[in-house]
Amino acid sequence: MKKRIFCVLFAVVMLATALFVSAQSPRKNFNRPQQVDVLHYTIRVSFDRPAKVVIGDTSIRFRPLSDGFRSVNFDAVDLAFESVAMEPDDKPLSYSAEKGTVTVLLDRGYSKDETVSIRFKYKASPKKGVYFVPAETNSGEVTRSAQIWTQGEPEEARHWFPSFDHPSDKATTEKIVTAEKGLTVVGNGELLEKRDNGNGTETWHYRMPVPHSVYLVSFVIGEYVKLEGKYKDIPLGYYTYPGREENARKAYERTADILKVFEELTGVDYPFNKYDQTIVARFQFGGMENITATTLADTELMYVDLGLGDLVLDLIVHEIAHSWFGNLVTCRNWAELWLNEGWATFLEAVYRERAFGRQQYLQKIRADAATFLIDEMTNRKRHALYNQRADRVDELFDNPSTTYSKGGAVLHTLREEIGDVAFWKGANIYLNRHKFSGVETTDFQAAMEEASGRNLDWFFDQWIYSGGAPSITVRPVYIARTKTFRVTVTQTQRADRLTPAVFRLPLDLSMRIGGVSRTERLDVSARTRTFTFSASSKPTGIIVDPEAKMPIMRVRLLPVALASR
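Throughout this document, residue positions are counted from 1 along each chain, in the order its sequence is written. It should be noted that, the model being predicted, local features are given only for residues of pLDDT at least 70 and side-chain atom pairs only at 80 or more, the latter also being counted only at that level, while totals for whole chains, interfaces and linings use all residues. Working from all heavy atoms in the structure, the side-chain values ignore hydrogens and water.

Thoughts on the overall build of the chain
Next up, step 1: When helices and strands are counted, the chain shows 11 helices and 32 strands.
Next up, step 2: Residue burial is assigned from relative accessible area. The probe radius is 1.4 Å, only protein chains are included, and a residue is buried under 20% of its type maximum, exposed over 50%, and partly exposed in between. Counting every position in the chain, which comprises 565 residues, the buried fraction comes to 58%.
Next up, step 3: Any pair of residues with heavy atoms lying within 4.5 Å of one another is described as a contacting pair. Relative to all contacts within the chain whose residues are 6 or more apart in sequence, the contacts with residues 24 or more apart total 71%.
Next up, step 4: Note on areas: Shrake-Rupley with a 1.4 Å probe; residue coverage comes only from the protein chains shown. Accessible surface for the chain amounts to roughly 22,500 Å². Of this, 49% is attributable to carbon and sulfur atoms.
Next up, step 5: A positive count includes Lys and Arg, and a negative count includes Asp and Glu. His and the chain ends are not counted in either. Here the site of a charge means atom NZ of a Lys, CZ of an Arg, CG of an Asp or CD of a Glu. Between the averaged position of the 73 positive side-chain charges in the chain and that of its 71 negative side-chain charges there is a distance of 8 Å. Counting from the N terminus, the helices are DSSP H or I runs at least four residues long and the strands are E runs at least two residues long.

Details of the packing of helix H4 (residues 298–305) against helix H5 (residues 309–321)
Helix-helix packing is characterised by the crossing angle of the two axes and by the distance between the axes.
Next up, step 1: Axis angles are defined between N-to-C directions and span 0 to 180 degrees, where every axis is a line fitted to C-alpha atoms and, for a helix, only to the segment in contact. Viewed as axis vectors pointing N to C, H4 and H5 meet at an angle of 140°, and their least axial separation amounts to 7 Å. With respect to H5, the element H4 is oriented oblique. Between H4 and H5, the residues in contact are Glu300, Leu301, Tyr303 and Val304 and Gly309, Leu311, Val312 and Leu315, respectively.
Next up, step 2: Tallied by class, residues from the contact of H4 with H5 come to 6 nonpolar, 1 polar and 1 charged. Oblique is the label for every angle not falling under 35 degrees (roughly parallel), over 145 degrees (roughly antiparallel), or within 65 to 115 degrees (roughly perpendicular). The nonpolar class holds Ala, Val, Leu, Ile, Met, Phe, Trp, Tyr, Cys and Pro. Asp, Glu, Lys and Arg form the charged class, and all remaining residues, Gly among them, are polar.

Quick word on the confidence of the model for the chain
Next up, step 1: Confidence per residue, as judged by the predictor, is encoded in pLDDT with a range of 0 to 100. Averaged over every residue, the pLDDT of the chain is 95; the share at 70 or more is 96%.
Next up, step 2: Note that residues 6–23 has pLDDT below 50 and, in this model, 83 contacts with residues that lie over four places away or in other chains.

Looking at the pattern of salt bridges
Between side chains of opposite charge, a pair can form when the charged atoms approach closely.
Next up, step 1: Salt bridges are counted wherever a side-chain nitrogen of Lys or Arg sits within 4 Å of a carboxyl oxygen of Asp or Glu. The final tally for this structure, using the stated rule, is 42 salt bridges.
Next up, step 2: We note a salt bridge from Arg158 to Asp75, for which the minimum N-O separation is 3.7 Å. Taken as a pair, Arg158 in the loop between strand E12 (147–150) and strand E13 (171–180) and Asp75 in strand E3 (residues 69–75) lie far apart in primary sequence, 83 residues in all.
Next up, step 3: Across the pair Glu264 and Lys260 runs a salt bridge, and its minimum N-O distance is 2.9 Å.

Describing unusual backbone geometry
Next up, step 1: Between Glu87 and Pro88 the backbone carries a cis peptide bond, its omega angle lying at 10°.
Next up, step 2: By secondary structure assignment, the location of Pro88 is in the loop between strand E4 (79–86) and strand E5 (91–92).
Next up, step 3: A cis amide bond, omega 0°, links Glu153 with the succeeding residue Pro154.
Next up, step 4: For Pro154, the location among the structural elements is in the loop between E12 and E13.
Next up, step 5: The phi angle at Asp90 is positive, at roughly 60°, despite the residue not being glycine.

A look at the sheet that holds strand E9 (residues 130–133)
Next up, step 1: Two strands are said to pair when DSSP picks up at least two bridges between them. Pairing within the open sheet is antiparallel, and its 4 strands lie in the order E9-E12-E17-E14. Both edges of this open sheet fall to E9 and strand E14 (184–187), since each of them pairs with a single strand only. Within the sheet, the average angular offset between the axes of one strand and its neighbour, ignoring direction, is 15°.
Next up, step 2: Here E12 pairs with strand E17 (residues 219–222) via 2 bridges, running antiparallel. By the bridge assignment, Trp149 is partnered in E17 with Val220.

A short note on the packing of aromatic side chains
Next up, step 1: Ring pairs shown here join Phe, Tyr and Trp side chains whose ring centres sit within 6.5 Å, with only the six-membered ring taken for Trp; geometry is labelled stacked below 30 degrees between planes, edge-to-face above 60, and tilted in between. Enumeration over the complete set of coordinates arrives at 41 aromatic pairs.
Next up, step 2: With a centroid separation of 5.6 Å and an interplanar angle of 55°, the aromatic rings of Phe47 and Phe219 are classed as tilted. Note that Phe47 is positioned in strand E1 (residues 36–48) and Phe219 in strand E17, a separation of 172 residues in sequence.
Next up, step 3: Aromatic pair Tyr270 and Phe272: ring centres 5.7 Å apart, planes at 90°, arrangement edge-to-face.

Some words on the sheet that holds E3
What holds strands together in a sheet is hydrogen bonding between their backbones, with the strands either parallel or antiparallel.
Next up, step 1: Ordered in space as E3-E7-E6, the 3 strands form an open sheet in which the pairing is antiparallel. On the outer flanks of this sheet lie E3 and strand E6 (94–98), each paired with one strand and no other. Averaged over neighbouring strand pairs, the angle between their axes works out to 20° when direction is ignored.
Next up, step 2: Pairing between E6 and strand E7 (residues 101–110): 5 bridges, direction antiparallel. Directly across from Glu98, in E7, lies its bridge partner Thr101.

A few points about the environment of Val77
Next up, step 1: If you trace the backbone, Val77 turns up in the loop between E3 and E4.
Next up, step 2: The buried category is assigned to Val77, whose relative accessible area is 19%.
Next up, step 3: For the pair formed by Val77 and Thr172, sequence separation is 95 residues and the distance between their alpha carbons is 22 Å.
Next up, step 4: If near-sequence neighbours (up to four positions away) are discounted, Val77 is found in contact with Gly100, Arg158 and His159.

Concerning the side chain of Arg352
Next up, step 1: Tracing the backbone through its elements, the reader meets Arg352 in helix H6 (residues 338–356).
Next up, step 2: Exposure remark for Arg352: the relative accessible area of 11% places this residue in the buried category.
Next up, step 3: The residues touching Arg352, leaving out its near neighbours within four places in the chain, are Asp314, Gly357, Gln360, Tyr361, Gln363 and Lys364.

With respect to the pairing of strand E22 (residues 293–297)
Next up, step 1: For E22, a buried count of 5 out of 5 residues is recorded, marking the element as mostly surrounded by other parts of the structure.
Next up, step 2: Neither face of E22 is left uncovered, since the one carrying Ala293, Thr295 and Ala297 and the one carrying Thr294 and Leu296 both have all their residues buried.
Next up, step 3: As paired elements, strand E20 (residues 275–280) and E22 share 5 bridges and run parallel to each other. By the bridge assignment for E22, Val280 is matched with Ala297.
Next up, step 4: Note: strand E21 (residues 287–288) against E22, 2 bridges, orientation antiparallel. Each residue of the ladder has a partner; that of Gly287, found in E22, is Leu296.
Next up, step 5: Where E21 hands over to E22, the hairpin turn is made up of 4 residues, of which Thr292 adopts a positive phi near 65°.

Shown next as structure tokens:
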């Protein structure tokens with residue numbers, strides 16, 4: 001998902017063991033226990049549009065995770081159930097629905113080797129999950145049709161169909177959506193059938209044949225024009241409002257190239273059977289990576305008409321990147337959301353690098369780092385990339401400067417630390433090893449360690465599990481008598497429950513000495529450390545971290561002082 005944020009600069013690292021450990025809170029476990037492994041959802045919906053009611057009929061096929069299994073729970077918020085029955089014989093089952101959960105008593109005990117299917121029929125007037133948007137008019141003329149669309153992340157699916165509404169469980173899905181004739185229904189996966197019901201409605205049947213988390217389940221209903229493209233054998237669909245075709249062509253023109261670049265970088269082919277992009281009105285985010293069917297705010301595409309195509313490109317890239325990082329491989333719990341959003345943000349910069357050059361890449365990385373640094377000074381909802389506040393699900397996206405901006409900048413820092421070859425090799429290992437499953441930071445770290453042959457505990461401890469940012473004062477002194485250049489680096493950040501007193505900072509320091517450029521490496525691993533180098537004359541043009549290898553860092557560079565000894 002892309003949450004729009006603007007600003008610019010940041011960088012971080014590790015701690016002498018005792019100080020570092022004391023700065024961290026014990027990590028909570030946010031993984032959710034499961035009773036069953038859901039295999040497939042068949043979701044049938046129609047609507048009473050004037051009343052904003054969803055008429056639902058959902059079948060859930062699952063396998064118990066224990067023997068003698070008799071009772072199952074699913075998430076279901078304010079669903080008014082009319083019947084719950086076993087399939088295929090339609091045998092009624094006893095159930096109770098309260099406090100956001102429906103509990104069903106099965107007809108007998110089931111073993112781990114058996115498959116169970118339950119069908120739920122219900123109605124809902126959802127406050128979340130499904131959104132009814134009225135038409136837009138101008139002088140009595142409809143300029144944009146009424147719409148119905150979904151938003152599932154983080155936990156809104158439960159408001160319109162019973163489910164295990166947590167990212168850790170993945171299942172295949174079908175959606176059978178009935179809407180007014182003449183409207184377009186966009187859904188996940190392949191369109192199997194479009195059927196005229198002879199009563200002014202049509203039913204659209206979509207199937208998503210690979211497992212995915214339920215927060216990615218989606219549909220959009222409205223009046224659209226479909227533009228079509230292709231990448232290899234993958235159909236590309238661009239759904240826009242009538243009369244907005246030229247805007248859409250400009251906005252989506254790089255879609256195929258973005259897919260190509262990400263396949264080349266990761267070594268993993270685009271993993272799904274199509275890629276659609278659909279604009280909607282009154283969307284609360286910039287975009288949402290619903291699997292094979294990205295939803296985008298129509299206001300975002302207006303930037304194309306204003307000559308601000310770069311902003312639109314970042315959005316398009318971000319949502320496509322989630323096809324690999326978020327949809328193929330998904331954070332196992334919401335504390336690990338950075339694994340989705342940090343990667344998608346980082347790949348915005350990476351695509352700029354491939355399309356426009358290194359300076360565009362660094363510009364984006366520096367801007368993301370700056371966004372985090374500025375927000376870090378004032379935001380009361382601070383957290384590390386591993387988000388210990390993740391149990392407050394409604395607040396997950398309240399601090400995007402960390403989850404998105406810092407996440408992207410930290411991935412850049414890791415790339416610089418272990419090198420380009422090891423970094424992309426690690427990404428390939430990570431994606432292939434965990435495809436169609438859930439991941440945690442430990443899985444990502446293991447892949448990067450395997451690719452680089454290095455122990456990266458220090459990096460992940462200070463950048464992922466700790467928060468805050470290093471602040472350093474660099475005090476350079478030149479001693480002419482001994483032709484010595486002395487540099488003292490002092491870390492000045494205030495240590496707290498998130499922020500270490502000491503970061504490990506492998507810093508580059510560039511300068512000119514006698515007209516010759518020179519770079520020295522400063523391995524800072526203490527609160528204060530002094531480095532001494534020979535220098536034939538007073539250095540000039542000093543730059544700390546000239547290539548922005550660690551952009552998440554506040555730097556105060558003092559003028560070069562002269563000393564007699």
